[in-house]
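# Breakdown of the fold
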Amino acid sequence: GEKVDMAVKFPMNAIIGDYIKFKDDVNVIILKNTSGDDDHSNEIVEECQKECIETLKYKQCNLSFSVVPMFFDGDKENLKQCYLDLLNALEYKTEIYFDMTFGPKFLPFVSFAAFDYTEKFFDSNVKKIFYGQVYFDDNGKIKDGSEKLCDLTFIYRMDAFCKDINMSSNAFKLMLKTLVS
């Protein structure tokens, strides 16, 4: 089949087909907001699933979905539960592509910690982390041409690198300045 050209609401669905091989096994993990209106959260999950199925049908992949409940309140117990639930949804020896466009402010921290763990202990590989960015006009409509997909994988890799390095502060700053420039 051919790649489906369609407008998407969920940025992941716009690019994931570029990374998935024909007839791959793909498990899409959707973090579901459980702190508000259940009907609305269920609609969002269903919409994301339908959009994903439509955009990947040309790949004929074995597509499955895992829905991880997530209470969008950043207290310690909720953060801990979100982390553990995300770890439980991640599988051994997988490639991870993460869209953090929608979600609470603490999502990057929780997900980065879970991904760090899976890379070290599940032999997984974080391939892409990105964020869909748009700007709205005064009427709440997306400004034409403002859509942008921001690749944040570098930030995750730099964090992992910094955790593993052992050198003096000055030497590290010099090396980091060279790497970033």
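As shown above, the structure is provided for reference.
This write-up is about the structure you can find in this document. The structure presented is a predicted model; accordingly, all values stated were derived computationally and were not measured.

The rules we used
- Residues numbered from 1 in each chain as written.
- Predicted model: local features only at pLDDT ≥ 70, side-chain atom pairs only at ≥ 80, totals over all residues.
- Heavy atoms only, no water.
- Patch = residues over 30% accessible without salt bridge, like charges linked within 9 Å, V, L, I, M, F, W, Y side chains within 5 Å.
- Areas by Shrake-Rupley, 256 points an atom, 1.4 Å probe, with all protein chains shown as cover.
- Salt bridge = Lys/Arg side-chain N within 4 Å of Asp/Glu carboxyl O.
- Helix = DSSP H or I, 4+ residues; strand = E, 2+ residues; numbered from the N terminus.
- Buried < 20%, exposed > 50% of the residue type's maximum accessible area, 1.4 Å probe, protein only.
- Expected span 1.5 Å × (residues − 1).
- Arc of directions from axis to C-beta.
- Contact = heavy atoms within 4.5 Å.
- Lys, Arg positive; Asp, Glu negative; His and termini not counted.
- Charge placed at Lys NZ, Arg CZ, Asp CG, Glu CD.
- Disulfide = S-S within 2.5 Å.
- Axes fitted to C-alpha atoms, helices over the stretch in contact; angles between N-to-C directions.
- Parallel < 35°, antiparallel > 145°, perpendicular 65-115°, else oblique.
- Left-handed = near helix turned anticlockwise from the far one by under 90°.
- Nonpolar A, V, L, I, M, F, W, Y, C, P; charged D, E, K, R; others polar.
- Core = buried A, V, L, I, M, F, W, Y, C linked by side-chain atoms within 4.5 Å.

### What to know about a nonpolar patch on the surface
Nonpolar side chains collect at one region of the surface, where Phe 154, Ile 155, Leu 179 and Val 180 lie side by side and expose about 380 Å² of accessible area between them. Those elements that place two or more of their residues in the nonpolar patch are helix H5 (153–164) and helix H6 (169–180). Along the chain, Ile 155 turns up in helix H5. Of the residues examined, Ile 155 reaches a relative accessible area of 49% and is grouped as partly exposed.

### Comments concerning helix H2 (residues 38–56)
Since the α-helix packs 3.6 residues into each turn, any two residues three or four apart lie on the same face. Spanning 19 residues, H2 covers 27 Å between terminal C-alpha atoms, matching the ideal 27 Å at 1.5 Å per step. Within the span of H2, buried status applies to Ser 41, Val 45, Cys 48, Gln 49, Glu 51, Cys 52, Thr 55 and Leu 56. Along the axis of H2, the buried residues cluster in a sector spanning 165 degrees; they form a single face. Looking at H2, the residues exposed on the side facing more than 90 degrees away from the buried face are Asp 39, Glu 43 and Lys 50. Where H2 is buried, its residues contact helix H1 (11–15), strand E1 (25–33) and strand E2 (62–70).

### Some details on a negative patch on the surface
A surface patch of like charges, here negative, comprises Asp 37, Asp 38, Asp 39, Glu 43 and Glu 46. Along the chain, Glu 43 falls in helix H2.

### Some details on the state of the cysteines
If you walk through the whole model with that rule in mind, you get zero disulfides. Considering cysteine sulfurs only, Cys 48 is the nearest to Cys 150, which forms no disulfide, with 19 Å between them. On the accessibility criterion, Cys 150 (15% relative accessible area) is buried.

### A few points about the environment of Val 45
Inspection of the secondary structure assignment puts Val 45 in helix H2. Spatially, the C-alpha atoms of Val 45 and Phe 106 are 20 Å apart, while their sequence positions differ by 61 residues.

### What about the packing of helix H3 (residues 76–89) against helix H4 (residues 107–121)?
Packing of H3 against H4 brings their axes to within 9 Å, and their N-to-C directions diverge by 40 degrees. Between H3 and H4, the angle falls in the class oblique. Note on packing geometry: the crossing formed by H3 with H4 is right-handed. Taken together, the residues of H4 that come into contact with H3 (itself represented by Leu 79, Cys 82, Tyr 83, Leu 86 and Leu 87) are Val 110, Ser 111, Ala 113, Ala 114, Tyr 117 and Thr 118. Tallied by class, residues from the contact of H3 with H4 come to nine nonpolar, two polar and no charged.

### Here we look at unusual backbone geometry
At Gln 60, a residue that is not glycine, the phi angle is positive and equals roughly 50 degrees. Examined against the element boundaries, Gln 60 turns out to sit in the loop between H2 and E2. Its identity as a non-glycine residue notwithstanding, Lys 93 has a phi of 55 degrees, on the positive side. Here Lys 93 shows up in the loop between H3 and strand E3 (95–99).

### With respect to the nonpolar core
In summary, soluble globular proteins display a tendency toward joint burial of nonpolar side chains. Of all hydrophobic cores here, the largest spans 17 residues; its most connected members are Leu 90, Phe 98, Phe 115, Val 126, Ile 129 and Tyr 156. Every element with two or more residues in this core is listed here: H3, E3, H4 and strand E4 (125–133). Of all the elements, H4 adds the most residues to this core, at five residues. Those residues in contact with Ile 129 that lie beyond four places of it in its chain are Phe 98, Met 100, Phe 112, Phe 115, Cys 150, Asp 151, Leu 152, Thr 153 and Tyr 156. By size, the runner-up hydrophobic cluster in this structure holds 15 residues, among which are Ile 30, Cys 48, Cys 52 and Leu 56.

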